[in-house]
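Overview (structure and organization)
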Amino acid sequence: MAHLLIVEDDELLRDGLESHFQQAGYQVMTAADGLTALGLLRATPFDGVILDLGLPQVDGMALLRIVRQQQAALPVLILTARDDVQDRIEGLNAGADDYLTKPFNPDELLARVQSMLRRASLPAFSAGQTGDDEPVSSKQPSTSSGDIQLDGATLRAWVQGHAIDLTSREWVLLDLLVKHRGHVISREAVLQAWQAEASEGGGGGTVASNALEVYVHRLRRKLSATRYGVRNIRGLGYMLEQDAP
Ligand code: CA
């Protein structure tokens, strides 16, 4: 039984989430503030954390940074206020695995947490790993540019000698960035490429544009051992960054 920590200062929401996740079969502990949460995290091994960012005492962002230093692999989903894009990006950069904006549907939160825990239990960089039920197409061509090679058949990239396994969407995103090195790729271009890829692979469905940040964040993490990164050009899109910090 997965053991969850829910950190939320709004009592009504906290109690509601606690019973929702308990009914879904989770073992749940709750904290109403950051200090209590830190104490629980030290004492108890959790499988995942749902973390509200606006908290009294130690706020969610500070808590997230502390958690990341101590338990690098612990899956954390953050709850942010609607439209607070800066918070969301900061949270993802601080190491959150996913986010949901308030108000949200508890069933969506449950689905997100389930998929976050499933991803966390997958072996890192296993061959053919794809998250989020993404269709895998074998028709993707390969790309090579300088010290980056991308193989569409295996969804693998070699970046400065590091072998990096990608999900189908991450592959398409990196492929676009590499092909347009030195130029900004618009969010729309990425979404269109994803949709083209999904229909080619036999899958359907549209991609929510706010999912893009999540994929960019994951790709950044996978590239973190290299000198490459993904730069967010506010209001325009994304760009492959060389000599990333
Ligand atoms: Ca709050």
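Our structure is the block above this text.
Described in the following lines is the structure provided in the data block. (Residues numbered from 1 in each chain as written. Predicted model: local features only at pLDDT ≥ 70, side-chain atom pairs only at ≥ 80, totals over all residues. Heavy atoms only, no water.)

With that settled, consider the pattern of salt bridges. Throughout the structure, instances matching the rule amount to twelve salt bridges. Taking the shortest distance from any N to any O, the salt bridge between Glu90 and Arg65 comes out at 3.6 Å. With a gap of 25 residues between them, Glu90 in helix α4 (residues 85-93) and Arg65 in helix α3 (residues 60-70) connect regions that are remote in the sequence. Judged by relative accessible area, Glu90 falls into the partly exposed class, the value being 32%. The partner of Arg156 in a salt bridge is Asp165, with the nearest N and O atoms 3.0 Å apart. Of the residues examined, Arg156 reaches a relative accessible area of 24% and is grouped as partly exposed. According to the relative accessible area criterion, Asp165 is buried, its value standing at 7%. Because the salt bridges share partners, they merge into one network encompassing Glu8, Asp52 and Lys102. (Salt bridge = Lys/Arg side-chain N within 4 Å of Asp/Glu carboxyl O. Helix = DSSP H or I, 4+ residues; strand = E, 2+ residues; numbered from the N terminus. Buried < 20%, exposed > 50% of the residue type's maximum accessible area, 1.4 Å probe, protein only.)

This next bit is on the nonpolar core. By size, the foremost hydrophobic cluster in this structure holds 28 residues, and its most contacted members are Leu150, Leu166, Leu173, Leu174, Leu177, Trp194 and Leu219. Secondary-structure elements contributing two or more residues to this core are β7 (148-151), β8 (156-159), α6 (168-179), α7 (187-200), α8 (211-222), β11 (228-233) and β12 (237-242). Sort the elements by how many residues they give to this core and α6 lands first, with seven residues. Excluding residues within four positions of it along the chain, Leu174 makes contact with Leu150, Ala157, Leu166, Leu219, Leu223 and Leu240. Listed in part, the 25 residues of the second largest apolar core include Phe46, Val49, Leu51 and Leu55. (Core = buried A, V, L, I, M, F, W, Y, C linked by side-chain atoms within 4.5 Å. Contact = heavy atoms within 4.5 Å.)

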